[in-house]
Amino acid sequence: MDNGSLNNKSTRMRQEWDNRIKHDYRYWMSDGINDDDAMFTVGERDLSIILSDVDLIKAQDEIALELGCGVGRILKPLSRYYGKVIGVDVSLAALEKAQQLLDPAANIELFLGNGFDLSGIGDESVDFAFSFASISIMPVDAIASYLIELARVLKIDKILKLQVYLGRAQDTRAEDTLAIRSFDRQCFEDGCRRAGFSLLSCKELILPFEISDPQADLVAYMVALKKESTATIDKDELVRVFLPQGEPSDNQSWQGSKTEYMMAIACATQHMGKGQIVEAIKALEFAVSSYRQPEPEVCNILEQLKCRQQGGPESVSHNRFTVLDRFFNADYYEKNLRVIEEKFPELAKTLAAHTFSAQISVQTGESQLPVLVLRGFPLDQVNKPLASAQAWVDRSLAEARLGASNFVALVGVASGYHLNYLAQRNVQLKVIVEPNLDLLHAVLGIHDLSELLKGVDFLVTSSEELKKIKQFEEVLTQAELLIYPQTQALSRYFVDECKRIFWSTRGLKELRPSVAVVGPLYGGTLPIAGYLEMAFRQLNQRVYGYDLSCFMDGYRNLGKYFQSQKRIDALQSQYVELLSQMVIEGIEEKPVDLLVCVAQAPLSPKVLTKIREKGIITVMWFMEDCRRFTAWQQISRYFDYMFIIQKEPYLTMVESAGAGRAIYLPMACSPQVHTPLELSAEESARWGSDISFLGAGYHNRQQIFASLVQRDFKIWGTQWPTGYPFDKLVQEQGRRLDPKEYVKIFNASKININLHSSVERDGVEPNGDFINPRTFELASSGAFQLVDNRLHLEELFTPGKELATFADRHELEEKIDYYLAHPEKRKAMAAAGRERALKEHTYVQRLKDMLGYIYADRFAELSRKAAEGPWPKVLETAKNTPELLTRYQALYERGEDPTLNALVCDIQVGRGTLTDTEMKLLFLHHIKKLVGDVNDMRAGKITG
Amino acid sequence: MSEEIKNICLVAITRLGDMLQASPTIYALKQRYPRAKITVVIEKQFAMICEGIPGVDEVYVLDLGMVYRCLTRDYQDVVEAYLYLDQAIKELREKHFDCCINMSSSGYTALLLRMLDIKDSRGWISDEEGNRLISNPWAMLFAAFIFHANRNYNSINIVDIFRCSAGLREFPRKLMYNPKPEDEEYAKKFLQDNKLDDDSPLICVQVGASQEKRQWAPAHFARLTKLLVEELGARVVYTGSGSEQTLIEKVTKFYSSPRAISAAGKTRLGQLAGLLKQAKLLVTGDTGTMHMAVSVNTPVVALFLASAYCYETGPYSEGNIILEPKVSCYPCNPNFSCLRPDCHEQVSAELVKKMVELRLHKTSAEMVNYVISPSEVNPANLAIKVSYYDEDGFLDFKAINGFIVRDGVDEKLQEAARQTYRALWKDEFAAVPGAEIWARIKEVSRIAIPGIHELDTLAGEGLTLIERLIDLIMDSSGNPKFLGEINAACETIDRNIEGIGLAHTMFGALTRMFVMEKQNLRGSDALTLARDTKNRYLSLKRRAEKFSRLYSYYFSTLN
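Residues numbered from 1 in each chain as written. Chains lettered and ligands numbered in written order. Predicted model: local features only at pLDDT ≥ 70, side-chain atom pairs only at ≥ 80, totals over all residues. Heavy atoms only, no water.

Q: Just checking my understanding: could you explain the overall build of chain A for this structure?
A: Summing up its helical and strand segments, chain A has 39 helices and 26 strands in all. For 944 residues, the compact-globule formula gives about 30 Å, and the C-alpha radius of gyration of chain A, at 32 Å, lands near that figure. Over its C-alpha atoms, taken along the principal directions, chain A stretches across nearly 100 × 70 × 70 Å. Put simply, chain A has 944 residues, and 54% of those count as buried. Across chain A, contacts joining residues at least 24 apart in sequence account for 68% of those joining residues at least 6 apart. Accessible surface, chain A: about 40600 Å² in total, of which carbon and sulfur atoms supply 49%. Here chain A contributes 109 positively and 127 negatively charged side chains, and the mean placements of these two sets differ by 5 Å. (Helix = DSSP H or I, 4+ residues; strand = E, 2+ residues; numbered from the N terminus. Rg over C-alpha atoms; globule rule 2.2 N^0.38 Å. Buried < 20%, exposed > 50% of the residue type's maximum accessible area, 1.4 Å probe, protein only. Contact = heavy atoms within 4.5 Å. Areas by Shrake-Rupley, 256 points an atom, 1.4 Å probe, with all protein chains shown as cover. Lys, Arg positive; Asp, Glu negative; His and termini not counted. Charge placed at Lys NZ, Arg CZ, Asp CG, Glu CD.)

Laid out in structure tokens, this is it:
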């Protein structure tokens, strides 16, 4: 094949893509999405998959390249990480659109590609390259020539990531610019090697919707390649390596892409579902024009639609069940609905009010049973849906750990075949979760589920309802969670949320892992380690707190006798090593399952590695601004879980720095400490003022607070300047306060200003994301606060209802005046803020979430550990001594170890008659102590 | 104890020596209640001892070693220990004891008695809330003297305390252990096999002791053996358990002779008794072997080192010689180990050999009246004491090489105080001595004793207060506020009384008794409690008065 034929193909590629972009760029770029923001959000998600395990530490000085960038949905988020990003696409229309959508000032360069090479991009000039949902649909010779080109432009040792399909080589035509190309895995790997790459990894790609089609042997992969050299092979030879028989060409007989045609029809169906006739017509016209042999029905529908648009008779049904047509059984539906109306009236109303999209269609196979298809993906096996659903149920139940109650919680109704079979298998289906109302509706019309629904206690269809988990905690702790695989693939995030809630509930009930909480030597997060310990106790977990703050004086004094910072650093690092060693000795003596570190806990990499080698799950709650404090870059790799208080891009960055998982977990409050106080007149005078601020004297705070000098304003905290006006404002010589004093200030002040610190900006940081602990502490204390606008604030509190916000100095002063004049508003807002904080933002809540994530991943591992631990045997041995058993159970509930000491601690001598069991335990306690003492004496140990 | 008693339980869990020291009590109980069955509850390790103690009908063995091992493993093994205990309690309860005497002072035996739920329980017991109580004045006395500072003033042997606790007047003045004939045969054969079956005096030597600090150094023992073998021509047999063999090997490293052999680990308890019975004498520390020797009528020369104190646990028979070092820390606290036991150096092998020689040539009766001149054995270094029974049948020790003034303390004054307490407690709790001594005392003029006046005054103040309290309780219209005030005032007085015992150690036992008796008051009726409290102040006042008179008397007899 010469470049002439490539040129032909590239012309076709450009034309066809230009057409698609002009038709509906969002649809063709990002299936099913119809606004730009959503498109970029999906781009962000895809980028996080692309960048997982990519080292981003130096990205700011590097150049990244995307082949097939389209309108730039991935380029936009990518530009935040890399110094420069290059987007290459064959479609001029796409690049023109990209120019409109992307910030012209951004570090993004767009290249119009020719469909086969990367001319204009220098040799070994790129640090990272990828192609996502692009190279996989190119003609095979374009794929080959681009791969050779990518090997040319990438620097040695740098990474190329490709989203491709591997499995059975598909029967495609060289003319098709949209059909998925799939290669035999061995051939593909050989080709990559010959092109100059080594294979780093090849992971199956899982997206929230079905991307692979295992039945067709079409499985999506994310492949990571490392450039070793330039290609040692030419394009044609490479094509033969990929596809030994080559990709056939239809030449003149080419009818157009069937894939494109089908997708255009699906697009039309979506629009019809929403009643968007104009758009539907446009899509059908696109379908009919691009394919030479459109089906007559499609042409008919197009005609009808056009008629209707011109005011003709209505001939297209809007019945929401159109798609189900002959399979929809109105009797079943009514029967099912009656049960739902009775048991779940709210849901019945929601179903009635729901607008149905046309995302669902029906397919039938050999069995003629209807299989629901969501966004093009069948939810059950098309040929034998019943048998395969039953096989799934059998398999799942065989693996399930069903309790005595036989309760099951099911996520995903799919086409519904597994539902009735579950009932037949004598399990009690107590909870059904289905995030898609359309699906639920359809299933209610296909199956008679009325008997089954009568036994169901909870039918949940949204994350909001999912959050009301408390109501069905009792059921969940007894139930086994089954997740229908298709639902898992289609609604990954929702299913993750289900898993987290389920496992956290069940885990908290069933598991009692022992936890070590290690706090920092000093700093603002110090009290938080204590709050966490307290919260773990409230959750009845076994917790051992390592409060290292008492070693701070020693740490500070290491440099007492000399000046050299080098020496001080060296000694301090040895000191930290010693403290680390102390923690590991503690763990040796009191083994734990989980190590939870609070930011800046002084544990050395060596010790963290040792701890992990013991099979302990390591967790860090990094409560710092990842942008400012970059310690996470060094420590992430030592933690199985890094919880951070910011979202993207940091989650991806922290994971790429080596953390097992990075998860967003905002700060919180500890209601035992942060609580409304009754203050005496004296206390109110000392701690109170119209306006107060508590915190360190960061630049932006100094800048904004100086203007409040005329007011009754008190500043508390350290690191403030000494001169005017701060000499007037700063209280008690700017000393360090303790958390109990904080709460007095919160309670005594009419307005508590809460301004997040910034070292670079004046006043309010415009794009500040995370929320500081103060926000939660103030709310929990029932104090009124005026807090600066933050990106994450609205999802945690409702501004204007639970707290007041300001965007700049002007608004701050305006609101100060307003709220000083409206004490009742302050009071109401503070009360609402407290209610929200207590309900959603306590450390107990956070730990539930934290443990939920961990349990969802590690339930089996932890429960195996628990089974190996002492508890099962103890409870078994004690089963015939009821009082002793009860006492052990109390210890278990409190998360303690089953030791004699713990049992004896519950006995109070001299406070009422002791039971027989208590006497016996005291007897044993005496024996242990006395014989132990005698042995010590004999061994020459000094005893008292 | 009532005549109806049919079934007696003795809890003697702690140690071998303790059981031997309880043997006169057991024997006397059996004599007193011939139809009663006596069951001894004992630790497995020491159960064997019961075989030779006359009067024991049944032995109930508790395997506390196993329990302890379970407890150290913790977790489900605690349940194992619990179930074992549960079963034991059940079995013991089924024996339906009428009476139980606790010979131990430990917390767990007190709880055990409580769990057995026997109406007539004596010694250390526990109330239903788990507080440890002492049900008997003698046991309380023992507790008062356990208080370390008071030890110097105690002179009532544990054997007498045991039998007085059981309320026995008639009792054998010796420890009771009967080795079986085959045990004695074994001992003879042992000597024969080791070619030590000649007529020369057989002397047993017990090298080991319960604590290292109470163990005389191997080099000293070696030197002693050499003297015994070579100068006295004696046969020497080292006794002890198998674990003590290493220690004996240390001795034989310094000196070995075919005339000095080890029987350590080669004798069961009965055989040890058989061997001791063959011996003319035992040289020992304060050990179980010592008690075993006196129970088979073999005299002992005993080195009471470190924390060992002869007035508490000395050999219970007449004419035994005790060597007691005089260093300022003697007797030391048994709960601490010692890195430099100076007291060991006060005793020389030569002196011990001399005492052995002396004892071999004298009868018990002759020993009691023997005197060693201070020039022969300097009382500044060592006290030589000899055991004897006083006119009331209580064991006592007298120093036969004289008293000195040591570290500013006149030993005579201390001895006078010791005698005073002895007479005082006998008078208070056993109604001995008789009228005779009081008649003698009348003739002696009182001497001034620092602190006694304050004690008397405080007791008087307490008495006044408590009488006012009783009035208030009886007067229902009284202001309850005053009750609290009086209680608070009483507390202050009690603290001051305790303070006097600490400042004037001579009164330590007196005030400690007072405190303990008050702590042991039980009941919820305010008036009864107040009346009992009043009795405590009365007792203190009375005892202080008696102390003053007795002390003046003994002081005069010693001068």
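Q: Help me out: how do you make sense of the packing of helix α12 (residues 345-353) of chain A against helix α15 (residues 437-446) of chain A in this one?
A: Helix-helix packing: each pair is described by the crossing angle between the helix axes and the interaxial distance. All names here are of chain A. The interhelical angle for the contact between α12 and α15, taken along N-to-C directions, is 100°, at an axis separation of 11 Å. The angle between α12 and α15 places the two elements in the roughly perpendicular class. In this structure, α12 contributes Leu-347, Thr-350 and Leu-351 to the contact, and α15 contributes Leu-437, Leu-440, His-441 and Leu-444. Each residue belonging to the contact of α12 with α15 can be placed in one class, and the counts come to five nonpolar, two polar and no charged. (Axes fitted to C-alpha atoms, helices over the stretch in contact; angles between N-to-C directions. Parallel < 35°, antiparallel > 145°, perpendicular 65-115°, else oblique. Nonpolar A, V, L, I, M, F, W, Y, C, P; charged D, E, K, R; others polar.)

Q: Mind showing me how you'd approach the nonpolar core here?
A: Note on soluble globular proteins: their nonpolar side chains tend to be buried together. Membership of the largest hydrophobic core comes to 210 residues, with the highest contact counts inside it found for Tyr-82, Phe-242 and Leu-595 of chain A. Apart from residues lying up to four places away in sequence, Phe-242 of chain A is in contact with Val-140, Ile-143, Ala-144, Leu-147, Phe-183, Cys-187, Phe-188, Gly-191 and Cys-192 of chain A. Within the second largest apolar cluster, 111 residues are counted, among which are Leu-10, Ala-28, Ile-101 and Ala-260 of chain B. (Core = buried A, V, L, I, M, F, W, Y, C linked by side-chain atoms within 4.5 Å.)

Q: I keep staring at the sheet that holds strand β2 (residues 37-43) of chain B and nothing clicks. Help me out?
A: Backbone-to-backbone hydrogen bonds pair the strands of a sheet. The strands run either parallel or antiparallel. Residue and element names in this part refer to chain B. One open sheet accounts for five strands, arranged β3-β2-β1-β4-β5; its pairing is parallel. The outermost strands of the open sheet, each flanked by one partner alone, are β3 (58-62) and β5 (120-122). Averaged over all neighbouring strand pairs, the angle between strand axes comes to 15°, with direction disregarded. In this sheet, β2 lies alongside strand β1 (residues 7-11) in parallel orientation, the contact comprising five bridges. Across the sheet, the residue bridging to Val-11 is Val-41, located in β2. (Pairing = 2+ DSSP bridges.)

Q: How should the sheet that holds strand β15 (residues 480-483) of chain A be read in this particular structure?
A: Residue and element names in this part refer to chain A. The strand order across the open sheet formed by four strands is β14-β13-β12-β15, and the pairing between neighbours is parallel. Pairing within the sheet leaves two strands with one partner each, and these edge strands are β14 (458-460) and β15. If you compare each strand with its neighbour and ignore which way they point, the axes differ by 25° on average. Looking at chain direction, strand β12 (residues 407-411) and strand β13 (residues 428-433) are connected through five bridges and run parallel. The residue bridging Leu-410 from the neighbouring strand is Ile-432, located in β13.

Q: Any chance you could explain the confidence of the model for chain A here in plain terms?
A: Keep in mind that low pLDDT regions are not for reading the predicted coordinates in detail. The predicted model of chain A averages 85 in pLDDT, with 93% of residues at 70 or higher. pLDDT under 50 marks residues 312-323 of chain A. Its contacts with residues more than four places away, or in other chains, come to 19 contacts. (pLDDT = per-residue confidence, 0-100.)

Q: Explanation requested: the side chain of Asp-494 of chain B in the structure shown.
A: Residue and element names in this part refer to chain B. Inspection of the secondary structure puts Asp-494 in helix α18 (residues 480-503). With relative accessibility at 14%, the residue Asp-494 sits in the buried group. A distance of 2.4 Å separates the side chain of Asp-494 from the side chain of Lys-518, its partner in a polar contact. In contact with Asp-494, not counting residues within four places along its chain, are Phe-514, Lys-518 and Tyr-537. (Polar contact = N/O pair within 3.5 Å; in protein donor to acceptor, adjacent residues only side chain to side chain.)

Q: For this particular structure, what's the right way to read the interface of chain B and chain A?
A: Interfaces are often described in size by the accessible area the parts lose on coming together. Listed as interface residues are 37 residues of chain B and, on the opposing side, 42 residues of chain A. Approximately 3500 Å² of surface area, both sides summed, lies buried where chain B meets chain A, with 72% of it carried by carbon and sulfur atoms. Sorting the residues of chain B by area buried against chain A places Tyr-68, Tyr-75 and Tyr-82 of chain B first, and these three jointly supply 20% of that buried surface. Inspection of the chain B/chain A interface yields three salt bridges. Residue Asp-74 of chain B pairs with Lys-928 of chain A through a salt bridge whose shortest N-O separation is 3.5 Å. Our count for the chain B to chain A interface comes out at nine residue pairs in polar contact (both at pLDDT 80 or more). Elements that contribute at least two residues to the side of chain B that touches chain A include exactly α2 (64-73), α3 (76-93) and α4 (107-116) of chain B. Here the element with the most residues in the side of chain B that touches chain A is α3 of chain B; it accounts for 11 residues. Taken together, the residues that form the side of chain B that touches chain A break down as 18 nonpolar, 11 polar and eight charged. (Buried area = accessible area lost by both parts, 1.4 Å probe. Salt bridge = Lys/Arg side-chain N within 4 Å of Asp/Glu carboxyl O.)

Q: Is there a simple way to explain unusual backbone geometry in this structure?
A: Of the consecutive residues Tyr-724 of chain A and Pro-725 of chain A, the connecting peptide bond is found in the cis state with omega at 0°. Within the secondary structure, Pro-725 of chain A is located in the loop between β23 (713-716) and α29 (726-729). Across the junction of Tyr-330 of chain B and Pro-331 of chain B, the peptide omega takes the value -10°, indicating a cis bond. One can find Pro-331 of chain B in the loop between β13 (321-325) and α13 (349-361). Unusually for a residue other than glycine, Asp-157 of chain A sits at a positive phi of about 75°. Relative to the assigned elements, Asp-157 of chain A resides in strand β5 (residues 154-167). Its relative accessible area of 46% is what places Asp-157 of chain A among the partly exposed residues. A positive phi angle, close to 60°, is found at Asn-540 of chain A, a residue other than glycine. Its place among the elements puts Asn-540 of chain A in the loop between α21 (526-538) and β17 (542-546). By relative accessible area, which is 27% here, Asn-540 of chain A ends up partly exposed.

Q: Got a minute to help me understand the state of the cysteines in this structure?
A: Cysteine pairs can be covalently joined through their sulfur atoms, and such a bond is termed a disulfide. With the rule as written, the count across this model stands at zero disulfides over all chains. This cysteine, Cys-100 of chain B, is not joined by any disulfide, and Cys-9 of chain B carries the nearest cysteine sulfur, 3.8 Å off. (Disulfide = S-S within 2.5 Å.)

Q: What am I meant to see in the pattern of salt bridges here?
A: Residue and element names in this part refer to chain B. Going through the model one piece at a time under the given rule, you end up with 97 salt bridges over all chains. Arg-340 is the salt-bridge partner of Asp-342, the closest N and O atoms lying 2.6 Å from each other. We classify Asp-342 as partly exposed; its relative accessible area is 33%. Across the pair Arg-422 and Asp-396 runs a salt bridge whose closest N-O atoms are separated by 3.4 Å. Highlighted residues: Arg-422 in helix α15 (residues 411-430) and Asp-396 in strand β15 (residues 395-399), separated in sequence by 26 residues. On the basis of relative accessible area, Asp-396 is assigned to the buried category, the value being 0%. It is possible to trace a salt-bridge network through shared partners that takes in Asp-390, Asp-392, Asp-396, Glu-415, Arg-418, Arg-422 and Lys-426.

Q: In this structure, what is going on with the domain arrangement of chain A? I would like to understand it.
A: For chain A, the assigned domains read domain 1 (3-253), domain 2 (258-318), domain 3 (332-351 + 372-478 + 502-509), domain 4 (513-664), domain 5 (681-841) and domain 6 (870-938). One C-alpha centre belongs to domain 3 of chain A, the other to domain 5 of chain A, and the line joining them spans 47 Å. (Domains from an automatic or database assignment.)

Q: How do you make sense of the domain arrangement of chain B when you look at a structure like this?
A: All names here are of chain B. Segmenting chain B into domains produces domain 1 (7-165), domain 2 (181-402) and domain 3 (452-558). Relative placement of domain 1 and domain 2: their C-alpha centres are 29 Å apart. Facing the 21 residues of domain 1 at the interface are 24 residues of domain 2. Between domain 1 and domain 2 lies a buried interface of about 1800 Å² when both sides are counted; carbon and sulfur atoms form 56% of it. Taken together, domain 1 and domain 2 are joined by one salt bridge. Here Glu-312 and Arg-151 are joined by a salt bridge, their closest N and O atoms 2.9 Å apart. Scanning the region where domain 1 abuts domain 2 turns up nine residue pairs in polar contact (both at pLDDT 80 or more).

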